[in-house]
Amino acid sequence: RKLECGMSTLEVKAIQAPTGYDLQMPAGSVIQFASKNLIDTFISTSSTYATTHLTIDFTPKFANSTILVQWFGSVYFDAVADHGRGQIRKDGNELTTANQKYNQHDLLAYLSTTYARGGVMSGFWAGDAGSTSQATYAYYMKSGSGSTVQIYKNSGISITEIAG
């Protein structure tokens, strides 16, 4: 502990609630943050959604918190006549918000039979934690034709728990 007069500086190692009370952060406060930044490349030829390397396990501290998931990366698709698609999931299931599916198919690129395509992808999802159980959040990708899709290096995923 440290208390200075003049500038009113108070330094403590921890704040503990009195017996019978529960300390809670004000709504909108960040409770915890986790991230994974990668330089690996994910490559797939799956025509169904495949789990990418953008995956992270997270355990909320409070069931009434809001969970904010963000992801980014550079994507590449072979020269074929199809679309590259992506999707964020929790424990392998599509995420929903207000009784609607959030992102059945993020359209990452219109593909061309003449040119391979590359670009930047980024997105976010925010929704209720719902429980204090550990969950795995992961980004999935697919190519409708089974051609090569990839997230090329410098990619990441992060999760922020926000007090409800």
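Note that the structure is predicted; figures quoted are calculated from it, not measured.

Colleague: Looking at this structure, how should I read the side chain of His 53?
Modeller: Tracing the backbone through its elements, the reader meets His 53 in strand 5 (residues 50–58). A residue is classified by how much of its surface remains accessible, and His 53, at 16% relative accessible area, is buried. Within the structure, the side chain of His 53 is placed 3.3 Å from the backbone oxygen of Asp 40, a separation counted as a polar contact. If sequence neighbours within four positions are ignored, His 53 has contacts with Lys 36, Leu 38, Asp 40, Phe 42, Ile 151 and Ser 155.

Colleague: Just checking my understanding: could you explain the nonpolar core for this structure?
Modeller: Soluble globular proteins: nonpolar side chains tend toward being buried together. Ranked by internal contacts, the top residues of the largest apolar core, which has 25 residues, are Val 69 and Tyr 137. Among the elements that make up this core, the one with the highest residue count is strand 6 (residues 66–77) (five residues). Sequence-distant contacts of Tyr 137, that is, excluding residues within four places in its chain, are made with Leu 54, Thr 55, Ile 56, Phe 58, Ile 67, Val 69, Arg 89, Lys 90, Trp 125, Ile 157 and Ile 159.

Colleague: What is the right way to look at the environment of Leu 54 in this model?
Modeller: Topologically, Leu 54 is positioned in strand 5. Residues Leu 54 and Leu 38 lie 16 residues apart in sequence; the distance between their C-alpha atoms is 8.2 Å.

Colleague: Can you walk me through the side chain of Ser 44 in this structure?
Modeller: Within the secondary structure, Ser 44 sits in strand 4 (residues 42–44). Polar side-chain contacts of Ser 44 include one of 3.0 Å to the backbone nitrogen of Ser 46.

Cut-offs and rules
Residues numbered from 1 in each chain as written. Predicted model: local features only at pLDDT ≥ 70, side-chain atom pairs only at ≥ 80, totals over all residues. Heavy atoms only, no water. Helix = DSSP H or I, 4+ residues; strand = E, 2+ residues; numbered from the N terminus. Buried < 20%, exposed > 50% of the residue type's maximum accessible area, 1.4 Å probe, protein only. Polar contact = N/O pair within 3.5 Å; in protein donor to acceptor, adjacent residues only side chain to side chain. Contact = heavy atoms within 4.5 Å. Core = buried A, V, L, I, M, F, W, Y, C linked by side-chain atoms within 4.5 Å.

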